[in-house]
Amino acid sequence: MGRAFEFRKERKFKRWAKMAVQFTRLGKEIAIAVKEGGPHPENNSRLRTAVQNAKAVNMPKDRVEAAIKRASEKDAKGYEEYVYEGYGPHGVPVLIETATDNTNRTVANIRSYFTKSGGSLGKTGSLDFIFQRKSIFRFEAAEDLDVEELELELIDGGLEELYVEADEEGNDIVVVQTSFEDFGNMQSLLEEKGIEVKSAKLERIALSHTALDEEQAADVLKLIDKIEEDDDVQAVYHNME
């Protein structure tokens, strides 16, 4: 069938694999949210956010509902959230968020990834001076959007920064950033304004960056790819340029 067919097939498999990983991570986020605040999104802001994010990546509605139902059962598996920090190849700081039902397995795996790459796992809080936790909201820009007016309207929600970026399809996406503490305030304000948020997340923003050449960057990306393959990993951050 030719090289073009093989290329399209490979891209499709990669996209499916990426979706599977996203669905697994969101399933855990839904489970944690249900355990914390109950199975009803209208009364549970964390669950409401998780469902919102699931919708943004086209996670099937029946799968979302099944995840909520499973987490509501008495004997449902519980997950604990842990953050691991370390330095990868060429001294690049790497921060990893996990959700696990077996901390011994998780820390052993994470440590082995760093060790095999020539890096080292550090102490909790050792990268606080490099990464800052921020609330990030994304939603599609309306055709008649007045960015300056919107900025003024979102100040009460703790707005720190607002800008427009393009998504993979080339659509304009509004990005709103607030402090970690203002997540709930901004979420409520956007809901009040009837803005349909595409994703709402707590992300780690690098305050400084490490410059590497192409070969060095490849070493770090190899480590990050390995970490992201781990089922216990929810998110990976680095400060590589």
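Numbering of residues begins from 1 in every chain and follows the order in which that chain's sequence is written. With the structure being a predicted model, the display of local features is reserved for residues of pLDDT at least 70 and the display and counting of side-chain atom pairs for 80 or more, all residues being used for whole-chain, interface and lining totals. In computing side-chain properties, one takes all heavy atoms of the structure into account and sets aside hydrogens as well as water.

A. Summary view of helix α2 (residues 45-56). Helix numbers and strand numbers start at the N terminus; a helix is a DSSP run of H or I with at least 4 residues, a strand a run of E with at least 2. The span you would expect from a helix comes to 1.5 Å times its residue count less one. Here α2 contains 12 residues, and its C-alpha end-to-end distance of 17 Å stays within 8% of the 16 Å for a straight helix at 1.5 Å per residue. Those residues of α2 lying buried are L47, T49, A50, Q52, N53 and A54. Put simply, N44 is the residue that caps the front of α2, since its side-chain oxygen is 3.2 Å from the backbone nitrogen of R46. To sort residues, take the accessible area from a 1.4 Å probe on protein chains only and compare it with the maximum for the residue type: under 20% means buried, over 50% means exposed, and anything in between is partly exposed. Throughout this description, a polar contact denotes any pair of N or O atoms lying within 3.5 Å of each other; where both atoms belong to protein, one of them has to be capable of donating a hydrogen while the other can accept it, and for residues adjacent in sequence the pair is counted only when both atoms sit in side chains.

B. Layout of the confidence of the model for the protein chain. Along the chain, pLDDT gives the predictor's confidence residue by residue, from 0 to 100. Scored by pLDDT, the protein chain comes out at a mean of 91, with 92% of its residues at no less than 70. Here residues 1-14 scores under 50 on pLDDT; set against residues more than four positions off or in separate chains, the count is 0 contacts. In this description, contact between two residues means that some pair of their heavy atoms is separated by no more than 4.5 Å.

C. Geometry of the environment of A99. Among the structural elements, A99 can be located in strand β2 (residues 93-100). Looking at A99, the relative accessible area reads 1%, which means it is buried. Considered as a pair, A99 and Y79 are 20 residues apart in the sequence and their alpha carbons are 5.6 Å apart. Once you skip the residues sitting within four places of it in the chain, A99 turns out to touch K28, I32, Y79, E80, E81, D232 and Q234.

D. A look at the layout of surface pockets. Only protein atoms enter the 1 Å grid used here. Points where a 1.4 Å probe fits but cannot escape make up a cavity, open sets with protein on both sides within 12 Å along at least five of seven lines make up a pocket, and a residue lines them when an atom lies within 4 Å of a point. Grid points are joined across faces, edges and corners, and a volume is the space filled by probe spheres set on the points. Taken as a whole, the largest pocket encloses approximately 2,100 Å³ of empty space. The wall of the largest pocket is formed by 50 residues, among which Q22, N53, V57, S199 and K201 lie closest to the centre. At 11 residues, the largest contribution of residues to the lining of the largest pocket is made by helix α1 (residues 3-37). Across the lining of the largest pocket, the residue classes break down as 19 nonpolar, 11 polar and 20 charged. Here the second largest pocket defines a volume of roughly 250 Å³. Lining the second largest pocket are 14 residues, and of these G27, K28, A31, R70 and Y79 lie nearest its centre. Counting only elements with at least two residues in the lining of the second largest pocket, the list comes to α1 and α3 (61-72). Residues were grouped as follows: Ala, Val, Leu, Ile, Met, Phe, Trp, Tyr, Cys and Pro as nonpolar; Asp, Glu, Lys and Arg as charged; and all remaining residues, including Gly, as polar.

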